[in-house]
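Given next are the chains, with one letter for each unit.
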Amino acid sequence: MRLSRSLSITSFTGLPLWEEDNLPVEDLLLFEIAWEVTNKVGGIYTVIQTKAKITVDEWGENYFMMGPYYEHNFKTQVEPCEPPNQAIKVAMDSLINNGCQVHFGRWLIEGSPYVILFDIGAAAWNLDRWKGDLWSVSSIGLPDHDREANDSLIFGSLVAWFFKELTDQLQDKPNVIAHFHEWQAGTGLVLSRSRKIPMATIFTTHATLLGRYLCAGNADFYNNLDKFNIDQEAGNRQIYHRYCLERAAVHCAHVFTTVSQITAVEANHMLRRQPDVVTPNGLNVRKFSAMHEFQNLHSTNKAKIQEFVRGHFYGHLDFNLEKTLFFFIAGRYEFSNKGADLFLESLSRLNYLLRVHKNDVTVVVFFIMPAKTNNFNVESLKGQAIRKQLWDTAQSVKEKFGKRLYEGLLRGEIPDMNKILERDDFTIMKRAIYATQRHSFPPVTTHNMLDDSTDPILSNIRRIGLFNGRNDRVKIVFHPEFLSSTSPLLPMDYEEFVRGCHLGVFPSYYEPWGYTPGECTVLGIPSVTTNLSGFGCFMEEHISDPSAYGIYIVDRRFRSADESCNQLTQFMFSFCQQSRRQRIIQRNRTERLSDLLDWRYLGQFYMHARHLALSRSFPAKFKMTHLNFPLVQGFRYPTPSSVAPSPSASVHSTPHHSDEEDDEPYDEDEELERDRQNIKAPFTLGAVLEGKKKQSGQNGN
Amino acid sequence: MTMDHEQAFVTLATNDSYAKGAMVLGKSLRNHKTSKKLVVLIGPHVSDQSSSVLHKIYDEVKLVDVMDSGDTAHLAMMKRPDLGVTFTKLHCWTLTHYSKCVFMDADTLVLSNIDELFDREELSAAPDPGWPDCFNSGVFVFRPSNETYGKLLQYCTVHGSFDGGDQGVLNGFFCDWSTTDITKHLPFIYNMSSIAIYTYLPAFKQYGANAKVVHFLGQRKPWSYTYDPKQRRVRGEIQDATPHPSFLVDWWILYSSEVVPLLLRAYGDLPFHSGCEEGVAQHALSSMTSEERKQKWEQGQADYMGMDSFDNIQKKLDVFLK
């Protein structure tokens, strides 16, 4: 997904670049190996595909991706060509002459990187021999029934073979860096190392196999991290061989990385190695030329959502749409991993708070989580039809009215207002109004659910009683399908929908990275995340006072479920108390964080990992100049005393806030200063920041 | 203290082997802080040493010698000599100084506090995994009563047992269990037998962690294995209907750490075989060829708690990493 952002003049003036010496890329070859290169299976595809551009920018012709060959993928995504590098061609030919099939081309994504793809099926006749090889170097065997594991062994064997042929020709120059992603590629790393192939190796895991299983199994994961007998847990879950492949790759890699601090903690316990570098996932951020364009997009898309709400809540539109906030949660339907349980409970409490405070704000909450359905339900479609009918009625009456008015004016007279509408017109309008009467509550879901009685979201809605009643200040719309711009109900694509909402809520329990809140941020929409999600950890580390920037981080790691629930409720409640202007300011700040999530900055963590790997594998040639790398220090600027507190915090004393109130001046220069104080750039503290840090310290004293 | 209202867990040990099971069961109940009394019925073949250890763990150790009782049981016994152990077990209904009891076989192990079982009525039991319309008599709630006891003996002599054991008798006697009152169906987690792990693995994965009582059904009982306390490994466990390895190890951890010391003290200088062996593991490892081990992996049976542990794999990897 390519996301857009506008260029605002308060965008911080470029994060300082990392000062580490640039690698002599012309004397190096970089390979990145992953099962999802040109092959979309899960989330790693997004990471690899979006990152390609910045890597090609840095490495040019010396960068290659490696993956499995599938004819369909190759035909639709790859432009075949000859390898530009003779050594690579010779290595490929060597495999081909031994009865394997290897393909080369440019992957038609942004940056068009070179890809080397290995045909797994065509090499399957070697499987028994390669199983023997793996067994003899590692004592790991693979069950016959696990196709994916066997495929990964074939892939890994081909990759290791290729590297052997390649490095035999290259000798010492250029040196090779091989970066492997996930356990499916890890076998290639283990085999390469066992054959003492001279290259620098990096292994990145995007989540641990066992962690995912344990969380899905409802283990109290984070409180028992150090108590699991991991061999036993993996064995009992019949993933022991996969776990061994993953852990072997981790153990053999020169540098081990993962995507977030929280996954680093997980990896430390589930794989027994502390990651050397955390390499967060980025996005490709597109800049708009128009200033604050994203704010305009928010209001146009918000209008579309309001239209939907008008239809969905027909007959119950006794709340002010101008004072209605749209919250949403989106993602795979993993009820507790994604924190939908916590969210629903907090919404129930928020409903109570808004009612007792007689707040005029209404919150409409969208759950965008695909489940098994049997198409839209009649009531939802009817709602939109009725809205359309009212619109048509208004249009036709307006037209008649206009015509009579016009004719009257032509005659030189002001028409008699009591006669300008005829009896018929009133009949039409009354009939249309009668149609809006309804005897049921507006439905909480837009679809006919296949598992209506056991569905976890619906069951919990029933339990907490949020049925979209008139008195409820929190209304719920569960849309159990991905959004589409061709939907008859809510015709918007995901990006448009996010832009139209006010707050994304993602209180996840297990979320190694978490693209959803990241996407919100880049679109300038505040979001709630947790300190158990990679994104939340990253933001917590890089911003002080994240709430002011529209990043609300719920503590689910060190607090009880009930406390987390209260915290989430409080976040949402204070969000509801913000004035329109405060929300606009907050969105500006949120959007300014986009640069933190841009691959152009986050790609530098990968650079660092590569440098580190070279220094470990070829220590004589590559030295690390910056040994005390500030990455692990978790440094954070304190909230400077000169900076106004977050808008959410400032309204506690004044709950009744009018939109006109202009108590928080928005000054571009001050905002710039605020960013300098609050946002920690990845990697370095430039001279300017260094100076500011001292200054703020003095202020504090 | 009103004797009338006392409640107790009751088990049965007919020989020294089952006595070991009873000791572990008693310890597991105590460790999970039961507030109830513990009673063990022992047969005449239990040694003095075992009996003395049982005395340390149980509140009441009651010798039951059916042949010697001279009562109705003796008469019943003479008519049905094949049901010897069954008569001993039925004897639990004579514990009338307790108002309510939970009987547990000596080959069960308690994983958490189960005092809530006393909220149930006679005869509450969990379904038998082999024929779920029958209850499994390894764990059941009953009310001691001489009247019931007499009727049970009467039933035995007339109908016998369709399976040759107490479970057949009890299912015959309480024949409306499967149809009448659902509150008398204990959840399976109160008597989770090992067989379920093999017959319905997905359910075990889903619910196994909730198990409160594991029942080591089958020919091989936990005490008939040997155990290496250093490696925390049970040997010879690759058997068809063996319980889940971790439960077996749980049993051995409790046995070797809390029961063996008591037994050693009781036996003093007399020879005693605890079943704990050390240092024999290396033989087992070398006795299997590399090819056989690889085949085990390929059948999905890596010995992950033993020689195929990741520690050993890592040692192998370190050979080329150095």
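The structure this text deals with has already been given above.
Residues numbered from 1 in each chain as written. Chains lettered and ligands numbered in written order. Predicted model: local features only at pLDDT ≥ 70, side-chain atom pairs only at ≥ 80, totals over all residues. Heavy atoms only, no water.

Caption draft 1: Quick look at helix α10 (residues 261-270) of chain A. All names here are of chain A. Within the sequence span of α10, burial applies to Ile262, Thr263, Ala264, Glu266, Ala267 and Met270. The inward-facing, buried residues of α10 abut α7 (209-216), α8 (230-236), α9 (240-252), β9 (255-258), β10 (277-278) and α18 (534-542). Positive phi appears at Arg272, one or two residues downstream of α10, with a value of about 55°. (Buried < 20%, exposed > 50% of the residue type's maximum accessible area, 1.4 Å probe, protein only. Helix = DSSP H or I, 4+ residues; strand = E, 2+ residues; numbered from the N terminus. Contact = heavy atoms within 4.5 Å.)

Caption draft 2: The arrangement of the interface of chain B and chain A in detail. Taken together, the contact pairs 24 residues of chain B with 31 residues of chain A. Each partner contributes to the roughly 2500 Å² buried at the junction of chain B and chain A, and carbon and sulfur atoms together form 62% of this total. Sorting the residues of chain B by area buried against chain A places Trp297, Phe310 and Phe320 of chain B first, and these three jointly supply 28% of that buried surface. Between the two partners, chain B and chain A, sit 0 salt bridges. At the surface where chain B touches chain A, the tally comes to 9 residue pairs in polar contact (both at pLDDT 80 or more). (Buried area = accessible area lost by both parts, 1.4 Å probe. Salt bridge = Lys/Arg side-chain N within 4 Å of Asp/Glu carboxyl O. Polar contact = N/O pair within 3.5 Å; in protein donor to acceptor, adjacent residues only side chain to side chain.)

Caption draft 3: Local environment of the pairing of strand β12 (residues 324-330) of chain A. Residue and element names in this part refer to chain A. Taking burial as the measure, the 7 residues of β12 include 7 buried ones, the bulk of the element. On β12, burial covers both faces: Thr324, Phe326, Phe328 and Ala330 on one face and Leu325, Phe327 and Ile329 on the other are all buried. The pairing of β12 with strand β13 (residues 362-368) spans 7 bridges and is parallel. In the strand pairing of β13, Ala330 is matched with Ile368. A crossover links β12 with its parallel partner β13, the connecting element being helix α12 (residues 340-356), and its sense is right-handed. Alignment of β12 against strand β17 (residues 503-505), held across 2 bridges, turns out to be parallel. Within β17, the residue paired with Phe328 across the bridge is Gly504. (Pairing = 2+ DSSP bridges. Right-handed = clockwise from strand over helix to strand, strands pointing away.)

Caption draft 4: Broad picture of the packing of α12 of chain A against helix α15 (residues 456-464) of chain A. Residues and elements named next belong to chain A. For the pair α12 and α15, the least separation of the axes is 10 Å and the interaxial angle reads 25°. The angle between α12 and α15 falls in the class roughly parallel. Note on packing geometry: the crossing formed by α12 with α15 is right-handed. Only Ile457, Asn460, Ile461, Arg463 and Ile464 of α15 make contact with α12, whose side of the interface consists of Leu344, Glu345 and Ser348. When its residues are assigned to classes, the contact of α12 with α15 shows 4 nonpolar, 2 polar and 2 charged. (Axes fitted to C-alpha atoms, helices over the stretch in contact; angles between N-to-C directions. Parallel < 35°, antiparallel > 145°, perpendicular 65-115°, else oblique. Left-handed = near helix turned anticlockwise from the far one by under 90°. Nonpolar A, V, L, I, M, F, W, Y, C, P; charged D, E, K, R; others polar.)

Caption draft 5: A look at the nonpolar core. Residues and elements named next belong to chain A. Ranked by internal contacts, the top residues of the largest apolar core, which has 87 residues, are Phe31, Ile116, Phe162 and Phe163. Looking at this core, the element that brings in the most residues is helix α5 (residues 147-170), giving 12 residues. Excluding residues within four positions of it along the chain, Phe31 makes contact with Phe64, Met66, Ile88, Ile116, Phe162, Phe163, Leu166, Val176, Ile177, Ala178 and His179. Counting residues in hydrophobic clusters, the runner-up holds 64 residues, among them Met369, Leu458, Ile461 and Met492. (Core = buried A, V, L, I, M, F, W, Y, C linked by side-chain atoms within 4.5 Å.)

Caption draft 6: Structural detail: the pattern of salt bridges. Residue and element names in this part refer to chain A. According to the stated counting rule, one finds 52 salt bridges over all chains in the structure shown. Between Lys227 and Asp226 there is a salt bridge, with the nearest N and O atoms lying 3.7 Å from each other. Here Lys227 matches Asp226 in class, with each residue exposed. One salt bridge in this structure joins Asp675 and Arg592, with 2.5 Å as the shortest N-O distance. Residue Asp675 is found in helix α24 (residues 668-678), and its partner Arg592 is found in helix α20 (residues 580-592); the two are separated by 83 residues along the sequence. Since its relative accessible area comes to 0%, Arg592 is described here as buried. Put simply, Glu345, Arg349, Arg463 and Asp562 are held in one network by salt bridges that share partners.

Caption draft 7: Expanded view of the packing of aromatic side chains. In the structure shown here, the tally under the stated rule is 57 aromatic pairs over all chains. Their ring planes at 35° and their centres at 5.6 Å tell us that Tyr240 of chain A and Tyr243 of chain A sit as a pair that is tilted. With a gap of 3 residues between them, Tyr240 of chain A and Tyr243 of chain A both fall in helix α9, about one helical turn apart. When sorted by exposure, Tyr240 of chain A lands in the same class as Tyr243 of chain A, which is buried. When the centroid spacing of 5.8 Å and the interplanar angle of 70° are considered together, the rings of Phe327 of chain A and Phe575 of chain A count as edge-to-face. Within this pair, whereas Phe327 of chain A is found in strand β12, its partner Phe575 of chain A is found in helix α19 (residues 561-576), the two being separated by 248 residues in sequence. Look at Phe327 of chain A and you get buried, because its relative accessible area is 0%. Positioned over the ring face of Tyr606 of chain A is Lys51 of chain A, at 4.5 Å from the centre of the ring. Across from the ring centre of Phe118 of chain B, 4.9 Å away, lies the NZ or CZ of Lys36 of chain B, which sits over that ring. (Phe/Tyr/Trp six-rings, centres within 6.5 Å; stacked < 30°, edge-to-face > 60°. Lys NZ or Arg CZ within 6 Å of the ring centre and 35° of its normal.)

Caption draft 8: A look at the sheet that holds β10 of chain A. Residue and element names in this part refer to chain A. Strand order in this open sheet of 9 strands is β4-β5-β6-β3-β2-β7-β8-β9-β10, and the pairing throughout is mixed. Bordering the open sheet on either side are β4 (78-80) and β10, each of which pairs with just one other strand. Bridge count between β4 and strand β5 (residues 102-107): 3 bridges; the pairing is antiparallel. Note that in β5 the partner of Pro80 across the bridge is Gly105. Across the sheet, α9 lies against β8 (200-205) and β9, angled at about 140° from β8, the strand it touches most.

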